[in-house]
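What follows is each chain in one-letter form.
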Amino acid sequence: PVNPIDDHLALFGAEQRRALEAVRSVIRATPPAATEVISHGIPTFKVDGVAVIGFDGFTRHNSLFPYSSQVAVTFEGELAGYVRTKGSIHFDATAALCAPAPPGQQQEGPPPPSARATP
């Protein structure tokens, strides 16, 4: 069976698709027993039938869509420097989003674009 997220990501150019796949990999490793679906037109991860996070690409940026306002509060330090709206976190369209720091080692925000690894 074909995963609908694979089909969705195939619509993007190679660089942006690699960046989105990197985000997908980080998300896949985090929630236990998450199911990948397309919800509201975007790749979304659900746990026990509840959407917990989505992501997608746009012309000039990629975005994460945490479905809880608590994410911004919990990860305030890690998100410093990223453009945020009420329901999304924006990052460069072709650079991988930084993986979260190990527990107890809070990052001081994202590294400068020149220091970010490109997938």
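Residues numbered from 1 in each chain as written. Predicted model: local features only at pLDDT ≥ 70, side-chain atom pairs only at ≥ 80, totals over all residues. Heavy atoms only, no water.

Undergrad: Hey, could you run me through the overall build of the chain in this one?
TA: Within the chain one finds four helices and six strands. Reading the helices (α) and strands (β) of the chain from amino to carboxyl end gives α-α-β-β-β-β-α-α-β-β. Taking all 119 residues of the chain together, 37% fall into the buried category. Across the chain, every contact between residues at least 6 apart in sequence was considered, and the portion connecting residues at least 24 apart equals 46%. (Helix = DSSP H or I, 4+ residues; strand = E, 2+ residues; numbered from the N terminus. Buried < 20%, exposed > 50% of the residue type's maximum accessible area, 1.4 Å probe, protein only. Contact = heavy atoms within 4.5 Å.)

Undergrad: Can you walk me through the packing of aromatic side chains in this structure?
TA: To describe a pair of aromatic rings, you give the distance between the ring centres and the angle between the ring planes. Under the definition given, this model contains two aromatic pairs. With a centroid separation of 6.4 Å and an interplanar angle of 75 degrees, the aromatic rings of F58 and F65 are classed as edge-to-face. F65 sits in the buried class, given a relative accessible area of 17%. (Phe/Tyr/Trp six-rings, centres within 6.5 Å; stacked < 30°, edge-to-face > 60°.)

Undergrad: Quick question: what am I supposed to make of the nonpolar core here?
TA: Burial of nonpolar side chains together is a common tendency in soluble globular proteins. V23, I27, F55 and L64 are the most contacted members of the largest nonpolar core, which totals 15 residues. Residue assignment for this core shows that the elements contributing at least two residues are α1 (4–9), α2 (14–28), β3 (50–57) and β6 (89–92). In terms of residue count, the dominant contributor to this core is α2 (three residues). Setting aside chain neighbours within four positions, we find V23 in contact with F55, L64, F91 and L97. (Core = buried A, V, L, I, M, F, W, Y, C linked by side-chain atoms within 4.5 Å.)

Undergrad: Would you take a moment to explain the environment of S39 for this structure?
TA: Checked against the element boundaries, S39 lands in strand β1 (residues 35–39). The exposure class of S39 is buried, given its relative accessible area of 15%.

Undergrad: Is there a simple way to explain α2 in this structure?
TA: Helical periodicity: at 3.6 residues per turn, an α-helix aligns residues three or four positions apart in one direction. Helix length check: α2 (15 residues) gives 20 Å between terminal C-alpha atoms against 21 Å at 1.5 Å per residue, within 8%. Of the residues making up α2, those classed as buried are Q16, A19, L20, V23, R24 and I27. Here the buried residues of α2 occupy an arc of 140 degrees about the axis, which is enough to place them on one side. Structurally, α2 contributes buried residues whose contacts are with α1, β1, β2 (42–47), β3, β4 (61–66) and β6. (Expected span 1.5 Å × (residues − 1). Arc of directions from axis to C-beta.)

Undergrad: I keep staring at the sheet that holds β3 and nothing clicks. Help me out?
TA: Hydrogen bonds between backbone atoms are what pair the strands of a sheet, whose relative direction is either parallel or antiparallel. Read across the sheet, six strands follow the order β1-β2-β3-β4-β6-β5 without closing on themselves; strand pairing throughout is antiparallel. At either margin of the open sheet sits one strand with a lone partner, and together these are β1 and β5 (83–84). Of the pairings in the sheet, the one linking β3 to β4 comprises five bridges and is antiparallel in character. In the strand pairing of β4, I53 is matched with P66. Where α2 meets the sheet, it contacts β1, β2, β3, β4 and β6, and its direction lies at approximately 160 degrees from that of β3. (Pairing = 2+ DSSP bridges. Axes fitted to C-alpha atoms, helices over the stretch in contact; angles between N-to-C directions.)

Undergrad: For this particular structure, what's the right way to read the side chain of S63?
TA: For S63, the location among the structural elements is in strand β4. For S63, a relative accessible area of 1% puts it in the buried group. Of the polar contacts made by the side chain of S63, one reaches the side chain of H61; its length is 3.2 Å. Setting aside residues no more than four positions away along its own chain, S63 makes contact with G54, F55, D56, F58, S88, I89, H90 and F91. (Polar contact = N/O pair within 3.5 Å; in protein donor to acceptor, adjacent residues only side chain to side chain.)

Fair warning: the whole summary comes from geometry, so function is off the table for now.
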